[in-house]
Amino acid sequence: LDRSIRSMAKAAILLLNFLACAAVSSASVGGHVDYNGFRYLLANVDIDSASTDYGDDCPSLPCTPYSIPSTCNASYPTTDISDVALSLGWGASYIAAPDGNLYGTYASSPIFNPLLDLSVSGSVALIEAGWQARIILRCTILCPAGTGLRGNTCVSCGIGNWSTGGSGACQPCTNGPGTVNYTSVGSGNNCTWTCNAADYVTDGYNPSLLIGDLAPPYSIRAVDPNRVVSTVYTPRITDATYNYKFMVLSSDKQTVYLGSYTVNKLNITNKTFTTIAGLTSYPYRGASDGLGTMASFNAITGAALWQNESYLLLVDSPNCNVRLLNLSANSTFPVTTLAGSTTQSCGMLNGVGTAARFRYPQDIVVDSSQTTAYVADSGNYVVRAINLTSSAVTTLVGNGGVTSVDGVGTAASIDPRYLALSPGGATLFVKTPDAVRAINLATLLVETLNRAPLAYSPYQLVASALDPQTLYFGGNYRVASFFLPSGEAFDIAGGRTPASVDGVGREARFMLPSLLVLLNETAAPASMCPACNRCPAGQFGTCNATASECLPCPAGFFSPRGASACVPCSAGFYSAGGPCLPCPPGSSSGNGSTACANCSAGTFRPPFSPVCLNCSAGTYSADVGAAQCRPCANLTGNGSWAGPGTNSTNCAFGCRPGFSLVAATGTCSPCGPGTFAAPGSAVCSPCTNLPDNANHTGVGANATSCPFACQPGFISNGTACLPCPAGSRMRAGVCVNCTAGSYGLASASVCLACSQGNYSLPGASACTVCSNAGPYNIFVGRGTPPRGPVVCQAGS
């Protein structure tokens, strides 16, 4: 009976399990259930009793032990997952953990140990712990490559993202050069890509570089053509120095010369490190020539191999000189001073050998002919050249100015730090604090190539060995290439945070990637997506998805650097197929001209004018192409110039106002009063501006400008002569009131005195009889009110 009850219970549980699983999760596939981001597997066999019937899964003892699948990645549950078990219809189930113990759904402590007890024979172990319930494994859901887990489902990472599968998350693709259009999902960081519409595909070059990472742990790192970064050498406590300031690679690609106040030889294959020159004990630094480690340096900041690598040229910056280390004398390694002071005397002086002076030089390169060394004389803001045959030092470019002005030779200003020669040696690239400058070694033209991408890189510059348009540089925790036509930087390896971590591309990290040497370089077709070329001045760019070209501007047109179209030359300039040039003095041009035309006779073109100008009145130009006009010599007395001429005697002139030209004699004759003559007039004409009661007094410039004077008793208001009013008289050209005791009539020129017995006030036009006349007085003279002067008679 007991067995029958247990069998019925088993059947009921199985039925409930099936119904619950079917109802709860549609992700139950192939014997597993995906739930809440995990995959749950049934681990144990179906055992329900210790009797002879052990269930379908274990027909006889011992039962086969359950092994956790290798793809399960089973994990110990850290939260109560009883709700998971109940929701799956598996009742009081248990969880199998990776350590082999069985844990309850509350994940407290093992309730059955070990899991291998499932395989023992006998009845006791198989009856224990309610084995009618299933045992559950909680596993990580493993997704295929190119997918990631979202909920309980593996979904595609999406175009431009990748994953290696398993439990890894999707990550953005970074294997394309710069900002590109990714076109696939990657199974690693290997998405396919195309260039953006504004970019074009061009051949690139995958370098193999050796990098001096100049911050702790001061490792020498390498990046291979697949952008894999590895650590080549980490300084040991026994090394003479670790804070390197220069690094040079031998042609065997194994030997590296590096150091600062010592010169050291490192074999990057067998990791041997040997000091061959410079003091290895106190005082460590100095300026003495000598043999090997008896010589002393202050701080070597640049170096170059010379004479089939028989010598090493060393820029000893604080000592302001260039030293010479003889590598062929393997046992002694003698050090001498090639150029510059032997006594730490800095300055700016061209000369031969030690008579020359430098001021804190920074870097040095040797041309392919091995006859000239170029030195970045940073403290003097110039680039110097050393003739390696005579040791003569000359100034190549720069004028000592700290600005960045392009120009030819010493007309340019430059702040040189690091140098690199282009393949073939035609161009010397100069790294300044914020840009790359290019020196054409044939013409000494200095041109600024670009500033922005290199603004964060104060460190060494390396030229591609295969492509004259590519440079490599380090800085800002990364190593990058600089594509000259477009002025863009493309990251090779490293990220935006400092660390010393090997890896691939941007997964790697650098501390301070300051020193670079080129180990090798391979072509990588279609590996870059630069923006359309920044064409040089005088050319314009055309660009499509597969090419970018720079084409010359047509005659009469020009363009600045980086232009996408040409513009016509301005008036006063011309172009026959190159830059717009100013017209020579005495010639002129219109907009877009291919040639200049000479100015005609009577005209000229000064330097400040884009066009020919007429000569001013009284000057002449006799020949075409005149740059200035000369004074005429045919002006007569009382004449004035009226226009230019084509020779010294045919300039137009006219008589001054008030003079008429006598054609027979070519002289100017004065006009009489009341007449006028316009400039250049041959006759004098009467003026028309004379008012009544006036007379002309002179010659006029025109018919209404002849001067006149009013007749006595009249005054001018500017256009007419008006009489003086009664009670006034004319005096000095103005009307004034008559004084008291007198009177004036209209238009009078004088005032009249009043008769005896009469009086007047000032300005009176008549006299008035006095009122004080009587028998006892007589009037004497003119009276003044109210009483006149009187003389009394006798007896009165």
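Residues numbered from 1 in each chain as written. Predicted model: local features only at pLDDT ≥ 70, side-chain atom pairs only at ≥ 80, totals over all residues. Heavy atoms only, no water.

Undergrad: What is the right way to read the overall build of the protein from this model?
TA: Along its length, the protein carries 3 helices and 70 strands. Looking at the protein as a whole, 44% of its 796 residues qualify as buried. For the protein, the share of sequence-separated contacts (at least 6 apart) that also reach a separation of at least 24 residues comes to 41%. Total accessible area on the protein stands at roughly 36600 Å², and carbon and sulfur atoms take up 56% of it. (Helix = DSSP H or I, 4+ residues; strand = E, 2+ residues; numbered from the N terminus. Buried < 20%, exposed > 50% of the residue type's maximum accessible area, 1.4 Å probe, protein only. Contact = heavy atoms within 4.5 Å. Areas by Shrake-Rupley, 256 points an atom, 1.4 Å probe, with all protein chains shown as cover.)

Undergrad: Which parts of the structure should I look at to understand the confidence of the model for the protein?
TA: Should the pLDDT be low somewhere, the predicted coordinates at that spot are not to be read in detail. Here the protein averages 77 in pLDDT, while 75% of its residues score no lower than 70. pLDDT under 50 marks residues 1–30. Its contacts with residues more than four places away, or in other chains, come to 31 contacts. (pLDDT = per-residue confidence, 0-100.)

Undergrad: Is there a simple way to think about the sheet that holds strand 16 (residues 246–249) in this case?
TA: Within a sheet, neighbouring strands are paired by backbone hydrogen bonds and run either parallel or antiparallel to one another. What the 4 strands build is an open sheet, ordered 16-17-18-19; its pairing is antiparallel. The open sheet terminates on both sides in strands that have one partner only, identified here as strand 16 and strand 19 (273–277). Taking the axes of each pair of neighbouring strands and ignoring which way they run, one obtains an average angle of 25° across the sheet. In this structure, strand 18 (residues 263–267) lies alongside strand 19, joined through 4 bridges in antiparallel fashion. Within strand 19, the position partnered with Val263 by the bridge is Ala277. (Pairing = 2+ DSSP bridges. Axes fitted to C-alpha atoms, helices over the stretch in contact; angles between N-to-C directions.)

Undergrad: Quick question: what am I supposed to make of the layout of surface pockets here?
TA: The probe, sized like a water molecule, is rolled over the atoms to show the empty space still left. The space that makes up the largest pocket amounts to roughly 1000 Å³. If you go around the largest pocket, you meet 43 residues; those closest to its centre are Leu249, Val365, Val366, Leu421 and Val462. Counting residues per element, the ones that place at least two in the lining of the largest pocket are strand 16, strand 21 (300–306), strand 26 (363–366), strand 31 (418–421), strand 35 (461–463) and strand 40 (513–528). Along the lines of polarity and charge, the residues of the lining of the largest pocket split into 24 nonpolar, 13 polar and 6 charged. (1 Å grid on protein atoms, 1.4 Å probe; cavity = no way out; pocket = protein on both sides within 12 Å on 5 of 7 lines; lining within 4 Å. Points joined across faces, edges and corners; volume = space filled by probe spheres on them. Nonpolar A, V, L, I, M, F, W, Y, C, P; charged D, E, K, R; others polar.)

Undergrad: Whenever I open this one, the side chain of Ser317 confuses me. Can you help?
TA: Along the polypeptide, Ser317 turns up in the loop between strand 22 (311–316) and strand 23 (321–326). Polar contacts involving the side chain of Ser317 include one to the main-chain carbonyl oxygen of Pro361, which spans 2.8 Å. (Polar contact = N/O pair within 3.5 Å; in protein donor to acceptor, adjacent residues only side chain to side chain.)

Undergrad: What is the right way to read a nonpolar patch on the surface from this model?
TA: On the surface, Leu745, Val750 and Leu752 cluster together into a nonpolar patch covering about 260 Å² of accessible area. As for its placement among the helices and strands, Val750 is situated in the loop between strand 65 (742–743) and strand 66 (752–753). (Patch = residues over 30% accessible without salt bridge, like charges linked within 9 Å, V, L, I, M, F, W, Y side chains within 5 Å. Salt bridge = Lys/Arg side-chain N within 4 Å of Asp/Glu carboxyl O.)

Undergrad: Whenever I open this one, the side chain of Ser464 confuses me. Can you help?
TA: If you trace the backbone, Ser464 turns up in the loop between strand 35 and strand 36 (470–475). A distance of 3.1 Å separates a polar side-chain atom of Ser464 from the backbone nitrogen of Leu466. The contacts of Ser464, once residues within four sequence positions are left out, are Pro423, Thr470, Tyr472, Leu518 and Glu521.

Undergrad: Honestly, the state of the cysteines in this entry has me stumped. Any pointers?
TA: Simply put, the disulfide is a covalent bond whose two ends are the sulfur atoms of two cysteines. For the structure on display, the rule yields 17 disulfides. Paired by a disulfide, Cys671 and Cys684 hold their sulfur atoms 1.9 Å apart. The chirality of the disulfide connecting Cys671 with Cys684 is left-handed, given an S-S dihedral of about -80°. In this pair, Cys671 is assigned in the loop between strand 56 (667–670) and strand 57 (675–676) and Cys684 in the loop between strand 57 and strand 58 (685–686), connecting sequence segments 13 residues apart. Cys671 sits in the buried class, given a relative accessible area of 9%. According to the relative accessible area criterion, Cys684 is partly exposed, its value standing at 31%. (Disulfide = S-S within 2.5 Å.)

Undergrad: Please clarify how the packing of aromatic side chains should be interpreted in this entry.
TA: The geometry of two aromatic rings is summed up by the distance between their centres and the angle between their planes. On inspection of all chains with the given rule, the structure shows 4 aromatic pairs. Ring centres of Tyr261 and Tyr284 lie 5.9 Å apart, and the angle between their planes is 65°; this geometry places the pair in the edge-to-face category. On the criterion of sequence distance, the pair formed by Tyr261 in the loop between strand 17 (255–259) and strand 18 and Tyr284 in the loop between strand 19 and strand 20 (290–291) is long-range, its members being 23 residues apart. Overall, the relative accessible area of 14% leaves Tyr261 in the buried class. Between Trp306 and Tyr311, the aromatic rings sit 5.4 Å apart at their centres with planes inclined by 45°, giving tilted as the arrangement. By relative accessible area, which is 25% here, Tyr311 ends up partly exposed. (Phe/Tyr/Trp six-rings, centres within 6.5 Å; stacked < 30°, edge-to-face > 60°.)

Undergrad: For this particular structure, what's the right way to read the pattern of salt bridges?
TA: For side chains bearing opposite charge, pairing can occur when the charged atoms are close. What the rule picks out here adds up to 8 salt bridges. The salt bridge involving Asp406 is made with Arg437; its shortest N-O contact spans 3.1 Å. With Asp406 in the loop between strand 29 (392–397) and strand 30 (407–408) and Arg437 in strand 33 (residues 436–440), this pair connects stretches of sequence that are 31 residues apart. We classify Asp406 as partly exposed; its relative accessible area is 36%. Judged by relative accessible area, Arg437 falls into the buried class, the value being 0%.

Undergrad: What should I look at first to understand the pairing of strand 33 in this one?
TA: Each regular strand carries side chains that alternate between the two faces of the sheet. Most of strand 33 sits inside the fold, with 4 of its 5 residues counted as buried. Sheet analysis places strand 32 (residues 427–431) next to strand 33, joined by 5 bridges and oriented antiparallel. Note that in strand 33 the partner of Val430 across the bridge is Arg437. From the end of strand 32 to the start of strand 33, which pair antiparallel, there are 4 residues.

Undergrad: What am I meant to see in unusual backbone geometry here?
TA: Cis peptide bonds are those with omega within 30 degrees of zero, and the linkage from Pro216 to Pro217 qualifies with 10°. Here Pro217 lies in the loop between strand 13 (202–213) and strand 14 (220–223). Note the cis peptide between Tyr282 and Pro283, where omega equals 10°. One non-glycine residue, Arg227, lies in positive phi territory at about 70°. Positionally, Arg227 belongs in the loop between strand 14 and strand 15 (228–233). In this model, Glu309 sits at a positive phi of 65°, which is unusual for a non-glycine residue.

Undergrad: What should I look at first to understand the environment of Lys245 in this one?
TA: Positionally, Lys245 belongs in the loop between strand 15 and strand 16. Each C-alpha atom, one on Lys245 and one on Tyr261, is 8.9 Å from the other, the two residues being 16 residues apart in sequence. Apart from the residues within four sequence positions on either side, Lys245 is in contact with Gly259, Ser260, Ala299, Ile300, Thr301 and Leu515.

Undergrad: Hey, could you run me through the sheet that holds strand 35 in this one?
TA: The 4 strands are arranged 35-36-37-38 in an open sheet whose pairing can be described as antiparallel. Strands with a single pairing partner mark the edges of an open sheet, and in this sheet they are strand 35 and strand 38 (488–494). Direction aside, neighbouring strands of the sheet carry axes that sit 25° apart on average. Across 6 bridges, the pairing between strand 37 (residues 478–483) and strand 38 is antiparallel. Across the sheet, Phe483 pairs through a bridge with Glu488, a residue of strand 38.

Undergrad: Quick question: what am I supposed to make of the pairing of strand 21 here?
TA: Among the 7 residues of strand 21, 7 are classified as buried, and the element is accordingly described as predominantly covered. Relative to strand 22, strand 21 runs antiparallel, the two being bridged by 6 bridges. Within the sheet, the bridge partner assigned to Ile300 lies in strand 22 and is Asp316.

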